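# Examining the three-dimensional arrangement
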Amino acid sequence: MSEEIYSIILGNNQDELFGSENDAILIYNLFYTFYLKSKVWKKPILYLNNEVNMENLINSMKNIDSNSTIIIYFSGHSCKNGNLQFFNYYYSNNEIINEILNIKKKNIYFIIDSCYSKKFITSRPNIKTKYIVSTSDIQTSKEIIIDYQENMFTHMNNSKENNKIVLGIFTLYFYKILLNKNLVNIKDWKNKIINNKIWDII
């Protein structure tokens with residue numbers, strides 16, 4: 001049997017962000033499409049704003065088999081040391097991984113759309129982690145206003161204003177690469193994302 005893939009999607013608009021909630025809903029729609037296409041993918045889990053906390057993250061993982069792959073997507077603020085702003089606290093990579101190890105999970109993908117997100121990356125010998133991040137350790141993440149497209153939000157709608165929507169630039173183009181290349185097989189992500197011309201832009 002193929003390794004199962006679970007996704008936990010976090011979007012926090014706290015402190016005057018406009019696109020993080022939209023980013024999370026967009027990724028939810030993408031992973032829901034993968035869930036419908038493949039038995040390997042499980043229905044994604046979505047937390048927004050005040051739901052973005054450690055308790056919800058860890059509780060969502062507790063019943064997942066230890067050999068499964070877990071994708072944690074985050075869009076929101078992070079500080080200059082790379083710590084991510086959940087609704088109630090800034091968490092470092094080590095704090096999050098320690099909580100994950102406590103429930104004996106070991107195969108984690110982090111997808112991070114936030115400022116200074118390269119600084120979130122760390123290496124730990126007792127857990128298999130892979131990272132896809134939006135910025136270098138000195139860059140800030142950017143948002144963009146685009147025309148709202150209903151086909152991007154087939155499985156879950158979100159709010160829009162004057163038929164416009166704010167999204168993170170990284171998340172928008174990351175979504176486009178995965179969708180256009182139909183990258184349902186997570187093992188294809190490394191080569192087919194990095195070798196995509198859009199990746200050089202974002």
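Located above this text is the structure these notes cover.
Let me begin by describing the structure that accompanies this report. (Residues numbered from 1 in each chain as written. Predicted model: local features only at pLDDT ≥ 70, side-chain atom pairs only at ≥ 80, totals over all residues. Heavy atoms only, no water.)

## Quick word on the overall build of the chain
How we decide: To qualify as a helix, a DSSP run of H or I must reach at least 4 residues; to qualify as a strand, a run of E must reach at least 2; elements of each kind are numbered from the N terminus. A radius of gyration in this sense is built from C-alpha atoms; the matching globule rule multiplies 2.2 Å by the number of residues raised to 0.38. In this scheme, a residue with accessible area under 20% of its type's maximum is buried, one over 50% is exposed, and one in between is partly exposed, where area comes from a 1.4 Å probe on protein chains only. Working definition of accessibility: Shrake-Rupley area with a 1.4 Å probe, residue cover restricted to the visible protein chains. When charges are counted, Lys and Arg are positive and Asp and Glu negative, with His and the chain ends excluded. Charge positions are represented by NZ for Lys, CZ for Arg, CG for Asp and CD for Glu.
Assigned secondary structure in the chain consists of six helices and nine strands. Here the C-alpha radius of gyration of the chain, 16 Å, is about what a compact globule of 202 residues would show, namely 17 Å. For the chain, the spread of C-alpha atoms along the principal axes amounts to about 45 × 40 × 30 Å. The buried share of the chain, reckoned over its 202 residues, is 52%. By element, 46% of the accessible surface of the chain is carried by carbon and sulfur atoms, the whole surface being about 10400 Å². One way to put it: in the chain the 23 positive side-chain charges average out to a point 10 Å from where the 19 negative ones average out.

## Structural notes on helix H2 (residues 54–61)
For the α-helix, the turn length of 3.6 residues means that residues three or four positions removed from each other point alike. We apply this condition: Arc, as used here, means the arc of the directions from the helix axis to the C-beta atoms. In what follows, residue pairs with any heavy atoms lying within 4.5 Å of each other are defined as contacts. Nitrogen and oxygen atoms within 3.5 Å of one another constitute a polar contact, given that in protein one can donate a hydrogen and the other can accept it, and given that sequence-neighbouring residues count only through two side-chain atoms.
Here H2 has its buried residues at Met54, Leu57, Ile58, Ser60 and Met61. Buried residues of H2, viewed axially, fall in a sector of 155 degrees; they line one side. Considering only its buried residues, H2 is in contact with strand S1 (5–11), strand S2 (45–48), strand S3 (69–75), strand S5 (90–91) and helix H3 (93–102). The backbone nitrogen of Glu55 lies 3.2 Å from a side-chain oxygen of the residue at the head of H2, namely Asn53.

## Regarding the packing of helix H1 (residues 20–37) against helix H4 (residues 169–180)
What counts, and what does not: Only the stretch in contact is used when fitting a helix axis, every axis being a line fitted to C-alpha atoms; angles between N-to-C directions are given from 0 to 180 degrees. Any angle that falls under 35 degrees is termed roughly parallel, while one over 145 is termed roughly antiparallel, one within 65 to 115 roughly perpendicular, and all others oblique. Polarity classes work like this: nonpolar for Ala, Val, Leu, Ile, Met, Phe, Trp, Tyr, Cys and Pro, charged for Asp, Glu, Lys and Arg, and polar for all others, with Gly in that last group.
Running from N to C, H1 and H4 cross one another at 10 degrees; their axes reach a closest spacing of 10 Å. Comparing the axis directions of H1 and H4 gives the class roughly parallel. Across the interface between the two elements, Asp23, Leu26, Ile27, Leu30, Phe31 and Phe34 of H1 pack against Thr171, Leu172, Phe174, Tyr175, Leu178 and Leu179 of H4. Grouping the amino acids of the contact of H1 with H4 by side-chain chemistry returns 10 nonpolar, one polar and one charged.

## Thoughts on the state of the cysteines
Under the convention used in this document: Two cysteine sulfurs form what is called a disulfide whenever their separation falls within 2.5 Å.
Within this structure, the stated rule accounts for zero disulfides. In this structure Cys79 is not part of a disulfide, and its nearest cysteine sulfur, from Cys115, lies 10 Å away. Under the relative-accessibility criterion, Cys79 is labelled partly exposed at 24%. Judged by relative accessible area, which is 16%, Cys115 ranks as buried.

## Quick word on the sheet that holds strand S6 (residues 107–113)
Operational definition: A pair of strands is labelled paired if DSSP reports no fewer than 2 bridges between them.
One open sheet accounts for five strands, arranged S2-S1-S3-S6-S7; its pairing is parallel. Of all strands in the sheet, those with a lone pairing partner are S2 and strand S7 (128–133), marking the two edges. Between one strand axis and the next, the sheet turns through 15 degrees on average, direction left out of account. When S1 meets S2, the two strands line up parallel, connected through four bridges. In the strand pairing of S2, Leu10 is matched with Tyr47. Sheet contacts for H3: S3, S6 and S7; angle to S6, the most-contacted strand, approximately 150 degrees.

## Examining the packing of H2 against H3
Quick reminder of the rule: For any pair of crossing helices, the crossing counts as left-handed if the nearer helix is rotated counterclockwise from the farther one by less than a right angle, and right-handed if it is rotated clockwise.
Axis separation between H2 and H3 bottoms out at 10 Å; the angle between their running directions is 35 degrees. Helix-helix and strand crossings are classified by hand; for H2 and H3 the assignment is right-handed. The segment H2 lies against H3, with Met54, Leu57, Ile58 and Met61 engaging Glu95, Ile96, Glu99 and Ile100. Each residue belonging to the contact of H2 with H3 can be placed in one class, and the counts come to six nonpolar, no polar and two charged.

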